[in-house]
Amino acid sequence: MDTQLSILIVDDVSTVRSFLSQTLMHLGIDNVKEASTASQCISECQAAKYSMIFLDIELPDGDGKELIAQINEMSPETNVIMVSAHSAVENVKDAIDKGAKGFIVKPFTPKKIAAMLKKFYPDLEIM
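Since the structure is predicted, the reported quantities are computational estimates derived from the model, not experimental observations.

**Considering the pattern of salt bridges**
For the structure shown, the criterion picks out six salt bridges. The partner of D56 in a salt bridge is K106, with the nearest N and O atoms 3.3 Å apart. Of this pair, D56 sits in strand β3 (residues 52–56) while K106 sits in the loop between β7 (102–105) and α5 (110–120), and the two are 50 residues apart along the sequence. Salt bridges sharing partners connect three or more residues here, namely D11, D56 and K106.

Okay, here's the thing in structure tokens:
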């Protein structure tokens, strides 16, 4: 695989992180890191560049939507995808206005994740 994607999953629920992580591994992406808080997310972003970040809106120490601007400032080439159980239109619009590149509603399927990856990385060979 020529495009080595690196993906960060930010969610305070470990089952969500592991499901997403396993889904990405099945799709052939090995470079996957996890964070469970807003502050962990920021330090991960300072330590490394990520191609894509799946970011939960509700984090124990902050609002995911507020993190988008910080991430985009540190790493403008990162595609931030908001993840939330609340698909209220305002939520989606707000996240996109704040700079998110996409939005996935929980519970999500591996198919949705694959479609999101394809949208941003059309050349990606998904297993």
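**Describing unusual backbone geometry**
Between K106 and the following residue, P107, the backbone shows a cis peptide bond with an omega angle of -5 degrees. Mapped onto the fold, P107 is located in the loop between β7 and α5.

**Considering the environment of S43**
Looking at the element boundaries, S43 is found in helix α2 (residues 38–47). Here Q40 takes part through its backbone oxygen, which lies 3.1 Å from a polar atom of the side chain of S43.

**Focus: the packing of α2 against helix α3 (residues 64–74)**
Running from amino to carboxyl end, α2 crosses α3 at an angle of 10 degrees, the nearest separation of the two axes being 10 Å. The angle between the axes of α2 and α3 places the two elements in the roughly parallel class. In this structure, α2 uses A38, C41, I42, C45 and Q46 to contact α3, whose residues at the interface are L67, Q70, I71 and M74. Looking at the contact of α2 with α3 residue by residue, the classes come out as seven nonpolar, two polar and no charged.

**Quick look at α3**
Taken residue by residue, α3 has G64, K65, L67, I68, I71 and N72 as its buried positions. Burial along α3 is one-sided: seen end-on, the buried residues are contained in an arc of 135 degrees. The secondary structure elements touched by the buried residues of α3 are α2, β3, β4 (58–59), β5 (62–63), β6 (79–84) and α4 (89–97).

**Observations regarding the sheet that holds β7**
Strand order in the open sheet formed by five strands is β2-β1-β3-β6-β7, with parallel pairing between adjacent strands. Two strands close off the open sheet at either side, each with one partner strand: β2 (31–35) and β7. When the angles between neighbouring strand axes are averaged without regard to direction, this sheet yields 20 degrees. Inspection of the sheet shows β3 paired to β6 by five bridges, in the parallel sense.

**Details of the side chain of R17**
Within the element layout of this structure, R17 appears in helix α1 (residues 14–26). On the basis of relative accessible area, R17 is assigned to the buried category, the value being 13%. At 2.6 Å, the side chain of R17 forms a polar contact with the backbone oxygen of D11.

**Topic: the nonpolar core**
Counting 21 residues, the largest nonpolar core has I7, L24, I29, M52, F54, I113 and L117 as its most contacted members. Take this core: its biggest share by element is four residues, from α5. Apart from residues lying up to four places away in sequence, I29 is in contact with L5, I7, L24, L117 and L124. Judged by nonpolar contacts, the second largest core, of 20 residues, contains V10, C45, I53 and M82.

Here is what the cut-offs are and how they apply
Residues numbered from 1 in each chain as written. Predicted model: local features only at pLDDT ≥ 70, side-chain atom pairs only at ≥ 80, totals over all residues. Heavy atoms only, no water. Salt bridge = Lys/Arg side-chain N within 4 Å of Asp/Glu carboxyl O. Helix = DSSP H or I, 4+ residues; strand = E, 2+ residues; numbered from the N terminus. Polar contact = N/O pair within 3.5 Å; in protein donor to acceptor, adjacent residues only side chain to side chain. Axes fitted to C-alpha atoms, helices over the stretch in contact; angles between N-to-C directions. Parallel < 35°, antiparallel > 145°, perpendicular 65-115°, else oblique. Contact = heavy atoms within 4.5 Å. Nonpolar A, V, L, I, M, F, W, Y, C, P; charged D, E, K, R; others polar. Buried < 20%, exposed > 50% of the residue type's maximum accessible area, 1.4 Å probe, protein only. Arc of directions from axis to C-beta. Pairing = 2+ DSSP bridges. Core = buried A, V, L, I, M, F, W, Y, C linked by side-chain atoms within 4.5 Å.

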